[in-house]
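As a plain string of letters, each chain reads:
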Amino acid sequence: MEENRLGEVRRVDPEIAAAIEDEEKRQQGNLELIASENLASRAVLQAQGSVLTNKYAEGYPGARYYGGCRHVDRVERLARARAKQLFGAEHANVQPHAGATANLAVYLAFLKPGDRILGMSLAHGGHLTHGSSVSITGRYFEAHSYGVDRSSGLLDMEEIRQKALRLRPKLLIAGASAYPRRIDFEAFGDIAREAGAVLVVDIAHIAGLVVAGLHPNPVPHADVVTTTTHKTLRGPRGGMILCRERHARRIDQAVFPGLQGGPLMHVIAAKAVSFREAQLPEFIAYQKRILQNMEAFVEALRGYGFDLVTGGSDTHLLLLDLRSKSITGLEAEKLLGDIGITANKNAIPFDPRGPRVTSGLRLGTPAVTTRGMGPEEIRVIAALINEAFTHRSDRRVLAQLRERVDELCRDFPIEVSVAGAAVE
């Protein structure tokens, strides 16, 4: 770490400086396999840490409620133009602070409390904000859900169609947080039109793959598309909404003044930088490596006898069914954490265990790919996971595995590869 980077923080608030330094050490010394996490480039980090954090800019470019916005107007216009170009969208709102906020803005734009929505069940791989009973989206609206086929683990589009025609939801939501296969957005579009619903597609996880042409793009088929700007897109933590021009006004009004006040202009600048990085050929090559690494991961884990939900993956993530390994998701998360591999427990479809324990483990390749790792290293990681599960009670073996993780992390340090990953 550069000595002067936290100099002022260390002087003013040594406790926070220490926490930041410890987190940097954790990231450097652990293999990040959480599918929703990635490593932002130096350019993104610098933009987010810029003086733009000082500027209030309520409203939109050319129509602000504060003076002195000419420079931040340039920033937001660039971010919007690049987002539209990347996804082929007619309109982009880059102000949402998070993916959840982006989704909530869409609900505010199209619904009234009590209106009916239909989204993928959280228990089957959907997202909290797609109508879960513990979310505002499930409490303020009449939320219904669709799931996956019990035997295949795949979405059954005809079953979804029949449910949509029976329920006639005002909003049909597609997208997932733990579904490892391609989603047929064209079929969802057909269902939405037939059922008279507005189609909203949440691509928070797969946005980078969509930009690279490695996953179908929902923009031509959906009324509205939401996403985060981190995960596979590898930008700062934040949200974004893409929509057809005819919906632009209601979406913009739902974000501001409907849900938010002043936008985070430093984060919007960082989004713009990440969109610029995503326009480069290197970004497409990076997304291809994510999938190549996932292919190697799936093959290696299958070889060790792991059960994969749906049998594999078409994306950056996979979901393990751990019941055959006689370990819970909670236990597996802790076990891997002890040897320096960060992952998250996750419910599997029709999980007999509760969400605090689970029978599954979700794994992803974006962050380790950003570090420069390839299929060879991915196979090593799979072997480490298998050995940890096999020798879970042997402290000596687990200590050896921790040393092997340390060695792998040293061979692929974050700062060097992240700076070069987007722009070589």
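Treat the numbers as computed from the prediction; the structure is a model and nothing was measured. (Residues numbered from 1 in each chain as written. Predicted model: local features only at pLDDT ≥ 70, side-chain atom pairs only at ≥ 80, totals over all residues. Heavy atoms only, no water.)

Draft legend 1. Representation of helix H15 (residues 375–390) in the model. In this model, H15 (16 residues) spans 22 Å end to end at C-alpha, consistent with the 22 Å of a helix rising 1.5 Å per residue. Within the span of H15, buried status applies to Glu-377, Ile-378, Ile-381, Ala-382, Ala-383, Leu-384, Ile-385, Asn-386, Ala-388 and Phe-389. (Helix = DSSP H or I, 4+ residues; strand = E, 2+ residues; numbered from the N terminus. Expected span 1.5 Å × (residues − 1). Buried < 20%, exposed > 50% of the residue type's maximum accessible area, 1.4 Å probe, protein only.)

Draft legend 2. Highlighting the sheet that holds strand S9 (residues 224–228). One open sheet accounts for seven strands, arranged S4-S10-S9-S8-S7-S5-S6; its pairing is mixed. Two strands close off the open sheet at either side, each with one partner strand: strand S4 (91–93) and strand S6 (142–146). Strand-to-strand twist of the sheet, defined as the mean angle between neighbouring strand axes without regard to direction, takes the value 20°. Inspection of the sheet shows S4 paired to strand S10 (residues 239–243) by three bridges, in the antiparallel sense. Bridge pairing in S10 links His-91 to Cys-243. (Pairing = 2+ DSSP bridges. Axes fitted to C-alpha atoms, helices over the stretch in contact; angles between N-to-C directions.)

Draft legend 3. The arrangement of the packing of helix H13 (residues 329–338) against H15 in detail. Across the interface, H13 lies against H15 with an axial gap of 10 Å and an inter-helix angle of 115°. With respect to their mutual orientation, H13 and H15 come out roughly perpendicular. In the packing of H13 onto H15, the handedness of the crossing is right-handed. Where H13 approaches H15, its residues Ala-332, Leu-335 and Leu-336 are matched on the opposing element by Ile-385, Ala-388 and Phe-389. Looking at side-chain class alone, the contact of H13 with H15 contains six nonpolar, no polar and no charged residues. (Parallel < 35°, antiparallel > 145°, perpendicular 65-115°, else oblique. Left-handed = near helix turned anticlockwise from the far one by under 90°. Contact = heavy atoms within 4.5 Å. Nonpolar A, V, L, I, M, F, W, Y, C, P; charged D, E, K, R; others polar.)

Draft legend 4. Expanded view of the pattern of salt bridges. In the structure shown here, the tally under the stated rule is 17 salt bridges. Between Glu-194 and Arg-161 there is a salt bridge; the shortest N-O distance is 2.7 Å. Residue Glu-194 is found in helix H8 (residues 185–195), and its partner Arg-161 is found in helix H7 (residues 157–167); the two are separated by 33 residues along the sequence. When its relative accessible area of 37% is taken as the criterion, Glu-194 is described as partly exposed. Judged by relative accessible area, Arg-161 falls into the partly exposed class, the value being 24%. Arg-246 is the salt-bridge partner of Asp-223, the closest N and O atoms lying 3.5 Å from each other. Of this pair, Asp-223 sits in the loop between helix H9 (207–211) and S9 while Arg-246 sits in the loop between S10 and helix H10 (248–259), and the two are 23 residues apart along the sequence. In this structure Arg-246 comes out as exposed when scored by relative accessible area, which is 61%. (Salt bridge = Lys/Arg side-chain N within 4 Å of Asp/Glu carboxyl O.)

Draft legend 5. Representation of a nonpolar patch on the surface within the structure. The grouping of Tyr-56, Tyr-65 and Tyr-66 at the surface amounts to a nonpolar patch, some 380 Å² of accessible area in total. As for its placement among the helices and strands, Tyr-66 is situated in the loop between strand S3 (63–64) and helix H4 (70–87). The class of Tyr-66 is partly exposed, set by a relative accessible area of 38%. (Patch = residues over 30% accessible without salt bridge, like charges linked within 9 Å, V, L, I, M, F, W, Y side chains within 5 Å. Areas by Shrake-Rupley, 256 points an atom, 1.4 Å probe, with all protein chains shown as cover.)

Draft legend 6. Molecular detail of the pairing of strand S8 (residues 198–202). For S8, the buried fraction is high: five of the five residues fall into the buried class. Burial of the side chains of S8 extends over both faces: Val-198, Val-200 and Asp-202 are buried on one face and Leu-199 and Val-201 on the other. A crossover connection joins strand S7 (residues 171–174) to the parallel S8 through H8; in handedness this β-α-β unit is right-handed. Both S8 and S9 contribute to a ladder of three bridges, which runs parallel. Note on S9: the bridge partner recorded for Val-201 is Val-225. (Right-handed = clockwise from strand over helix to strand, strands pointing away.)

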